[in-house]
Amino acid sequence: MDILDHIANEKRPIDQATREALLDAVRRVAAEHDGLVHVSWLREELPEWVSKAQSCGTFTTALVRAKVLVWTGEYAPSGNYAQRNGERAAKVYRFHPEAVTA
């Protein structure tokens with residue numbers, strides 16, 4: 001297990017409720033966008049209590065490593081204007097729900 005997997009599974013930085021909220025948001029985004037997931041769409045679906053800055057990137061990386069999210073080869077603007085990264089390119093992924101494990 002590498003450090004990003006460890007962080008994604010660690011209950012302190014990303015507790016179980018946050019992980020569940022993130023995965024639920026991934027499922028909703030994929031359903032709304034023909035199976036595609038992008039961080040800008042994901043941020044919009046997260047509840048206010050989820051710390052997007054701390055958890056979104058780490059969780060996404062863990063899903064990519066587990067092949068739950070697979071890069072399509074496409075990019076779209078990040079949309080994160082709060083951190084002045086609104087136009088920065090961010091990967092678009094395809095959601096593979098069959099790869100989700102409990």
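## A few points about the sheet that holds strand β2 (residues 69–77)
Backbone-to-backbone hydrogen bonds pair the strands of a sheet. The strands run either parallel or antiparallel. The strand order β1-β3-β2 describes an open sheet built from 3 strands, whose pairing is antiparallel. Strands at the two margins of the open sheet, each flanked by one partner only, are β1 (36–38) and β2. Averaged over neighbouring strand pairs, the angle between their axes works out to 35° when direction is ignored. In this structure, β1 lies alongside strand β3 (residues 89–95), joined through 3 bridges in antiparallel fashion. Of the residues in β3, the one forming a bridge with L36 is R94.

## Notes on the side chain of T18
Relative to the elements of secondary structure, T18 occurs in helix α2 (residues 16–32). Taking the relative accessible area as the measure of exposure, T18 reaches 9% and is therefore buried. Those residues in contact with T18 that lie beyond four places of it in its chain are W49, V50 and S55.

## Section: the pattern of salt bridges
Using the criterion set out here, one finds 2 salt bridges in the structure. Among the ionic pairs, D24 bridges to R28, the shortest N-O distance being 2.3 Å. Remark: R28 and D24 occur in helix α2; sequence separation between them is 4 residues, near one turn of the helix. Owing to a relative accessible area of 38%, D24 belongs among the partly exposed residues under this scheme. Judged by its relative accessible area of 28%, R28 is partly exposed. Between R28 and E45 there is a salt bridge, with its nearest N and O atoms 2.8 Å apart. A residue pair is termed long-range when its members are at least 10 positions apart, and R28 in helix α2 and E45 in helix α3 (residues 39–45) qualify at 17 residues. A relative accessible area of 23% means that E45 is categorised as partly exposed.

## Structural notes on the confidence of the model for the protein chain
On average, the protein chain scores 80 in pLDDT, and the residues at 70 or more come to 74%. For the protein chain, helix α1 (residues 3–9) is the element with the lowest average pLDDT, namely 58, and β1 is the one with the highest, namely 95.

## Some remarks on the nonpolar core
Across soluble globular proteins, nonpolar side chains show a tendency to be buried alongside one another. By size, the foremost hydrophobic cluster in this structure holds 18 residues, and its most contacted members are V26, V37, L42, L46, L63, L69 and F95. Of the residues forming this core, the biggest block, 7 residues, is contributed by α2. For V37, the residues in contact, after removing those within four places along its chain, are V26, V29, A30, L69, K91, V92, Y93 and F95.

Rules used in this analysis
- Residues numbered from 1 in each chain as written.
- Predicted model: local features only at pLDDT ≥ 70, side-chain atom pairs only at ≥ 80, totals over all residues.
- Heavy atoms only, no water.
- Pairing = 2+ DSSP bridges.
- Helix = DSSP H or I, 4+ residues; strand = E, 2+ residues; numbered from the N terminus.
- Axes fitted to C-alpha atoms, helices over the stretch in contact; angles between N-to-C directions.
- Buried < 20%, exposed > 50% of the residue type's maximum accessible area, 1.4 Å probe, protein only.
- Contact = heavy atoms within 4.5 Å.
- Salt bridge = Lys/Arg side-chain N within 4 Å of Asp/Glu carboxyl O.
- pLDDT = per-residue confidence, 0-100.
- Core = buried A, V, L, I, M, F, W, Y, C linked by side-chain atoms within 4.5 Å.

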